[in-house]
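# An overview of the molecular structure
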Amino acid sequence: MAAPRTVVIGAGIGGLTAAALLLRAGHSVTVLEAHVYPGGSAGTFYHKGFRFDAGATLAGGFSAGGPHARLAETLGLAWPVAPVDPAWVVHLPDGRAVTQWADPAAWRAERRQVFPDAEAFWRKQEMLADLSWDISSRPFPWPPQSPRDLIALGKALRPRTLRATPYLLSTIGDLAPQGDAQFRAFLDGQLLISAQTTASRANALYGSAALDLPRRGVNHVRGGIGALAGTLVDWIRAQGGEVLYRQRVARVELAHGRAAFVHTQRGLTLAADFVLANTTPWGLARLLGNDAPPALTRDVDVLKPTWGAFTLYLGLDAAHVSSGVVDHHQVIVDPAQPLGEGNSVFLSLSDSADDSRAPTGMRAATLSTHTDIAAWWALRQGPDEAAYLARREEYAERLVAAAERAIPGLRGAIRLRLPGTPVTFQYYTGRPLGMVGGFAQTSLFDARGPRTPVENLWLVGDSIFPGQSTAGVTLGGMRVAAEVEQAARRLPRP
């Protein structure tokens, strides 16, 4: 029997994960990427001797049982990573700094010193996180979208899993002590970057696992976060699969209700038995055009846009950055104001031991803040381009000012400065309106699965549960690969 033909649209981590697993299962796999390098929002771009991480800067899931560790074991590959401890430092509005140690004992001592009245919360958080990570280590197709998924869920459950039942509808805010604005600001800041929402809305189970990322271990990636995607591309090509750059997909053509052909803007047409779209629901609707099923059209009509990101890429003179400074920081400016829009900023310095990231004597830095996409597009599409550029400059100044609270004198070290808005992200990643990070994880019962109304077409990436982070999209890619393998067994034999 001929190998099933699988086409993956987009060389993000989730799509590449599924592509590699399906190639290993005997599929003929082609990945089509619009850009000249892989990774998407977890990619690394080159500019004037610097390698800047476009969005994501830290990666978890490499410890035993984690998604990346399991994938590496399955494929027989090695990731170019090194553990980071401390993971990052959170700078609170009142001037306190909270060090997020990966070492459990160091983290317990830190939190007891900074938040002495919150120990009961942390014990409950760790219990729920342990349950969440445990169940994610087995096939756990959430949300279920078929009878087969329900059977797999039943097999994944253990008696201890029932301890999570009382918290299914709770939020992190329900569990947290009340009355401490600084503690709430700390929780909100962590959850915004890991669950796309704050404590009052973040689901307790998902949020507990997200808060646990430092304890589970985070890593620098040698050469930049994009080297994760590059490692998968190398493996796919070595095993006979194809990854084609500069092939932006223009249209997915349906025949008899199935995705039959994928067309690129450069005139390439590929026939497909299965198509995996490493994009958002809005992006998928665009690719299907008039062929988009009514259910998908209705879905994107009512969906609220997700967050965008404002990023600032800095080339720094290393001599002006203290050699002992921690590489990663989160700065929260004002607890009375909503987070994002420069009021919460994540700063990552390139590893000083990684000389591939910057010219000699320099370091690369990525600063980012969540931002609403609407205002940027209103200015960009308006008659006054100067207003868009002025807002971009204002946000760049906000991020530098916030970052100087973590690294005093940072401004004087800047030798190169590149700002990025949601408009920039749409241009370089192809994500509609520059939306990044996936959907806010507010309820397990509102989570989005990978199946679409087209029988042989799946979504993969941060739009499907469990959403954002390289670990999250890897879990999603594993699920999609398993479902496509099952579907391939039902293909009619020639």
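Here the structure is a predicted model, which means the values were calculated and not measured.

## Digging into the packing of aromatic side chains
Within the structure shown, the criterion is met by 24 aromatic pairs. Consider the rings of Phe45 and Tyr313, whose centres lie 5.0 Å apart with planes at 85°: the pair is edge-to-face. With Phe45 in strand β3 (residues 44-47) and Tyr313 in strand β15 (residues 308-317), this residue pair connects regions lying 268 residues apart in the sequence. The exposure class of Phe45 is buried, given its relative accessible area of 16%. Among the aromatic residues, ring-to-ring pairing joins Trp107, Phe115, Phe121, Trp122, Phe183 and Phe186 into one connected group. Taking the ring centre of Trp376 as reference, the NZ or CZ of Arg391 above it sits at 4.5 Å. Above the face of the Tyr395 ring, Arg398 is positioned so that its terminal group lies 4.4 Å from the ring centre.

## Describing empty space enclosed by the protein
Taken as a whole, this structure holds three cavities of 30 Å³ or more when the rule is applied. In this structure, the largest cavity spans a volume of roughly 120 Å³. What lines the largest cavity is a set of 17 residues, and nearest its centre among them are Asp53, His220, Leu349, Ser350 and Arg357. Looking at the lining of the largest cavity, the element that brings in the most residues is strand β18 (residues 362-371), giving three residues. Along the lines of polarity and charge, the residues of the lining of the largest cavity split into five nonpolar, seven polar and five charged.

## So, the nonpolar core
The biggest cluster of nonpolar side chains holds 98 residues, and the ones touching the most others in it are Trp79, Leu228, Leu288, Leu316 and Leu367. If we skip the residues at most four places from it in the chain, Trp79 touches Phe62, His68, Ala69, Leu71, Ala72, Arg222, Leu228, Thr231 and Leu232. Grouped together as the second largest cluster of nonpolar side chains are 44 residues, Phe183, Phe186, Ala202 and Leu339 included.

## Considerations on the pattern of salt bridges
Taken as a whole and assessed by the stated rule, the structure comprises 27 salt bridges. Between Arg415 and Asp317 there is a salt bridge, and its shortest N-O distance comes to 3.5 Å. With a gap of 98 residues between them, Arg415 in strand β19 (residues 414-420) and Asp317 in strand β15 connect regions that are remote in the sequence. Given a relative accessible area of 18%, Asp317 falls into the buried group. We note a salt bridge from Arg411 to Glu397, for which the minimum N-O separation is 2.9 Å. Linking Arg411 in helix α15 (residues 410-413) with Glu397 in helix α14 (residues 385-406), this pair joins segments that are 14 residues apart in sequence. The class of Arg411 is partly exposed, set by a relative accessible area of 36%. Judged by its relative accessible area of 30%, Glu397 is partly exposed.

Definitions and cut-offs
- Residues numbered from 1 in each chain as written.
- Predicted model: local features only at pLDDT ≥ 70, side-chain atom pairs only at ≥ 80, totals over all residues.
- Heavy atoms only, no water.
- Phe/Tyr/Trp six-rings, centres within 6.5 Å; stacked < 30°, edge-to-face > 60°.
- Helix = DSSP H or I, 4+ residues; strand = E, 2+ residues; numbered from the N terminus.
- Buried < 20%, exposed > 50% of the residue type's maximum accessible area, 1.4 Å probe, protein only.
- Lys NZ or Arg CZ within 6 Å of the ring centre and 35° of its normal.
- 1 Å grid on protein atoms, 1.4 Å probe; cavity = no way out; pocket = protein on both sides within 12 Å on 5 of 7 lines; lining within 4 Å.
- Points joined across faces, edges and corners; volume = space filled by probe spheres on them.
- Nonpolar A, V, L, I, M, F, W, Y, C, P; charged D, E, K, R; others polar.
- Core = buried A, V, L, I, M, F, W, Y, C linked by side-chain atoms within 4.5 Å.
- Contact = heavy atoms within 4.5 Å.
- Salt bridge = Lys/Arg side-chain N within 4 Å of Asp/Glu carboxyl O.

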